[in-house]
Amino acid sequence: MFVIGALIAGVPGVVAAQRDTSAAPPPHDTGSAAISFVNAAQAEAAGVKLLGVMDASTGNWIGRATVRDTLGNELVTSNIGVAALNLLQPVMGYYMLEVRKAGYSPQQIKLEVDTAAEFLVSLTPNPLGQATALPAVVTTERRMVLDRDAGARAGFFNRCSTGQVDCVGRKELDMHPTETIGVLVGGKKGVTCVYTPETPCHVRMRSALPDGPGTQYCDPTLFLNGMKWINGQGALERLVNPSVIDGIEVYLAGAPIPGRYYDPGGTKPKCGAVVIWTH
């Protein structure tokens, strides 16, 4: 593994990994607004896990890149591209992160908490002519812009009002405070429940592509606070419940869906998507 410490140990002054102070503090603030250390040895001695972000084409560090976890916590890299992962929240023993910077393709990564004190991730520059491909602006003025909607939490009510997405809102959540995510979603159009030992209602969604005779069902892609959830529905239900959920969006396979929820390569998820927002 590339050693971040080798690059920052000789940097004069203080290397700081700090939160972006231009936005309101995230709901799961871990305390101090900044962690500072003179060099990597001090960071390692303090038990701080470092994440370095670099340009895949040049090898240069990327400063002010946003690093976001599945619970909505955010921080930005320092001017030499380093951030302190300890300010973020691991889930089930992993950091599940999205790294973003204007002009680069977003990168989603899964890092085991106990494997190392230093990690490195590279971002690929967007090709010329695609500098605006990063979904930085939410546009929801008309029904047909849903495919280009960034999928930000702030647009939840706008998207639900289009009639192109089935939603679970605050009223329904308050009426069923002890239900699982599967039960809340399982009664929606095009969705069904399958009992498994892990959950009484494992969500299955009608497939957009016929794989055989009759109606085909498959597992939808799950998202938590806009980021792909990779640990399965059971683990997600152990983490969140209706008391911390603000809303759920259910996108049927083949229906319009915000671009950020597309599969790699720019295709819509074959089995649809379920997007959960928490507070």
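So, a few notes on the structure that sits alongside this text.

**Here we look at the nonpolar core**
Inference 1: Core analysis: the largest hydrophobic core is formed by 22 residues, its most contacted members being Val185, Trp229, Leu236, Ile248 and Ile276.
Inference 2: Among the elements of the structure, helix H5 (181-186), strand E12 (202-206), strand E14 (221-224), helix H6 (233-239), strand E16 (245-251) and strand E17 (273-278) are those that each provide at least two residues to this core.
Inference 3: If near-sequence neighbours (up to four positions away) are discounted, Val185 is found in contact with Val191, Val203, Ile248, Val250 and Val274.

**Digging into the environment of Ile80**
Inference 1: Residue position: Ile80 is located in the loop between strand E5 (74-76) and strand E6 (82-84).
Inference 2: Taking the C-alpha atoms as reference, Ile80 lies 6.6 Å from Ile62; in sequence the two are 18 residues apart.

**Quick word on the state of the cysteines**
Inference 1: Under the criterion given, the structure shown has three disulfides.
Inference 2: The side chain of Cys160 participates in a disulfide bridge whose partner is Cys167; the two sulfur atoms lie 2.0 Å from each other. With the S-S bond torsion at -95°, the cross-link from Cys160 to Cys167 turns out left-handed.
Inference 3: Here Cys193 connects covalently by a disulfide to Cys201, the sulfurs 1.6 Å from one another. Across the S-S bond linking Cys193 and Cys201, the dihedral sits near -50°, which makes this disulfide left-handed.
Inference 4: On the accessibility criterion, Cys201 (2% relative accessible area) is buried.
Inference 5: Sequential numbering of the bridged cysteines in the protein chain gives the disulfide pattern 1-2, 3-4, 5-6.

**Some words on the sheet that holds E12**
Inference 1: Spatially, E11-E12-E13 is the arrangement adopted by the three strands of the open sheet, whose pairing is antiparallel. The sheet is open, and its two edges are formed by strand E11 (191-194) and strand E13 (217-218), each paired on a single side.
Inference 2: In this sheet, E13 lies alongside E12 in antiparallel orientation, the contact comprising two bridges. Bridging from a neighbouring strand, Arg206 pairs with Tyr217 of E13.

**A closer look at the pairing of E17**
Inference 1: Most of E17 is tucked away, with six of its six residues classed as buried.
Inference 2: Burial along E17 is two-sided: the residues Ala273, Val275 and Trp277 and Val274, Ile276 and Thr278 are all buried.
Inference 3: Where E14 meets E17, four bridges bridge the pair, whose relative direction is parallel. Bridging across to E17, Thr221 finds its partner in Ala273.

**Thoughts on the packing of aromatic side chains**
Inference 1: Taken as a whole, this structure holds three aromatic pairs when the rule is applied.
Inference 2: Pairing Phe156 with Phe157 gives two aromatic rings, centres 5.3 Å apart and planes at 80°, and the pair type is edge-to-face.
Inference 3: Of the residues examined, Phe156 reaches a relative accessible area of 6% and is grouped as buried.
Inference 4: Note on Phe223 and Tyr261: the rings are 4.5 Å apart at their centroids and 50° apart in plane angle, and the pair reads as tilted. Note that Phe223 is positioned in strand E14 and Tyr261 in the loop between E16 and E17, a separation of 38 residues in sequence.

**Side note on unusual backbone geometry**
Inference 1: In this structure, Arg64 is a non-glycine residue whose phi angle is positive, near 60°.
Inference 2: Take Arg64: it is sitting in the loop between strand E3 (50-55) and strand E4 (66-69).
Inference 3: Phi at Asn225 takes a positive value of approximately 50°, unusual for a residue other than glycine.
Inference 4: Topologically, Asn225 is positioned in the loop between E14 and strand E15 (227-229).
Inference 5: On the basis of relative accessibility, which here comes to 3%, the residue Asn225 falls in the buried class.

The rules behind each value
- Residues numbered from 1 in each chain as written.
- Predicted model: local features only at pLDDT ≥ 70, side-chain atom pairs only at ≥ 80, totals over all residues.
- Heavy atoms only, no water.
- Core = buried A, V, L, I, M, F, W, Y, C linked by side-chain atoms within 4.5 Å.
- Buried < 20%, exposed > 50% of the residue type's maximum accessible area, 1.4 Å probe, protein only.
- Helix = DSSP H or I, 4+ residues; strand = E, 2+ residues; numbered from the N terminus.
- Contact = heavy atoms within 4.5 Å.
- Disulfide = S-S within 2.5 Å.
- Pairing = 2+ DSSP bridges.
- Phe/Tyr/Trp six-rings, centres within 6.5 Å; stacked < 30°, edge-to-face > 60°.

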